[in-house]
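Read off the chains here:
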Amino acid sequence: MFDVTRYATAAQSIVGAGQFLYGRGWSPATSSNYSARIDSDHVAITVSGRHKGQLTAADVMVVDLDGRPVQSQCKSSAETLLHTVLYRVFPEVGAVLHTHSVKATVLSRLIAAGQALELEGYELQKAFSGVETHEGALSIPVFDNTQDIPALAEDTRAWFLDHPEQPGYLIRGHGLYTWGKTMADCLRHVEAFEFLFECELETMRVRP
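Residues numbered from 1 in each chain as written. Predicted model: local features only at pLDDT ≥ 70, side-chain atom pairs only at ≥ 80, totals over all residues. Heavy atoms only, no water.

If you check an unreviewed UniProt entry, the protein appears there as Methylthioribulose-1-phosphate dehydratase from Marinobacter nauticus. According to its UniProt record, the protein has this under Catalytic activity (unreviewed entry): "5-(methylsulfanyl)-D-ribulose 1-phosphate = 5-methylsulfanyl-2,3-dioxopentyl phosphate + H2O". The UniProt entry for the protein carries the following comment under Sequence similarities (unreviewed entry): "Belongs to the aldolase class II family. MtnB subfamily." (UniProt positions renumbered as here; feature names shortened; annotations may be inferred.)

Caption draft 1: Summary view of the UniProt feature "binding site: Zn(2+)" (unreviewed entry) in the protein. In this numbering, the UniProt entry assigns the feature "binding site: Zn(2+)" (unreviewed entry) to His98 and His100. Of the annotated positions named here, the second largest pocket is lined by His98 and His100. When you line up the elements, histidine 98 lands in strand S4 (residues 95-99). Overall, the relative accessible area of 0% leaves histidine 98 in the buried class. Look past the residues within four positions of histidine 98 in its chain and what remains in contact with it is Ser32, Asn33, Tyr34, Glu79, His83, His174, Gly175, Leu176 and Tyr177. By secondary structure assignment, the location of histidine 100 is in the loop between S4 and helix H3 (102-110). (1 Å grid on protein atoms, 1.4 Å probe; cavity = no way out; pocket = protein on both sides within 12 Å on 5 of 7 lines; lining within 4 Å. Helix = DSSP H or I, 4+ residues; strand = E, 2+ residues; numbered from the N terminus. Buried < 20%, exposed > 50% of the residue type's maximum accessible area, 1.4 Å probe, protein only. Contact = heavy atoms within 4.5 Å.)

Caption draft 2: Broad picture of the packing of aromatic side chains. What the rule picks out here adds up to 12 aromatic pairs. Aromatic side chains phenylalanine 160 and tyrosine 169 sit 6.1 Å apart centroid to centroid with 45° between the ring planes, which places their arrangement in the tilted category. According to the relative accessible area criterion, phenylalanine 160 is buried, its value standing at 1%. Residue classification places tyrosine 169 among the buried positions, given a relative accessible area of 0%. Arranged with centres 5.5 Å apart and planes meeting at 25°, the rings of phenylalanine 193 and phenylalanine 197 form a pair that is stacked. You can see phenylalanine 193 and its partner phenylalanine 197 sitting in helix H5 (residues 183-206), 4 residues apart, about one turn around the helix. Here the two residues phenylalanine 193 and phenylalanine 197 agree in accessibility, since each one is buried. An aromatic cluster is defined as three or more aromatic residues linked by ring pairs; in this entry it consists of Phe90, Phe143, Trp159, Phe160, Tyr169, Tyr177 and Trp179. (Phe/Tyr/Trp six-rings, centres within 6.5 Å; stacked < 30°, edge-to-face > 60°.)

As structure tokens, this is what we get:
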């Protein structure tokens, strides 16, 4: 069982996130998926196939940390395990957002196979939780897109354990995953990533 009041709060935060992210063009149509922790065993997550700019509480369901529906006949996102693995590895994580912006999608296709996106020297790196200076580097891995979500979840889990301080990752030709202690933190991370992705793409465009 889960606390229905906490579920309602989580669902409302997801609805608000959808309105913001759709409005910015980062979650077009039925793409993307969002989640928020309810307690140590349960997560609120968007129902599969719902338009992210038109979400209501009815479009948010509950799953356990194995990705199984709880008191619901709805189907969650096919990528649910990419959310729950984060909640398992990081007990402090309270929200996870997956977006499908043009910049994240294009940039992920330009990074060579086996390489990460290196972000260094940007003032806005300090928008990420725990980052206090522009002088450090953020190494954002790019995982190949696949329909084998359990395998991808395991790959990301291994990366999280080796790089617990990093705030997100890309899936090639697909989009961004990022997370935070609160939904507000998570939304700030998305916004910061989008600015940095634009900077990287513009640098690539003008560089000889």
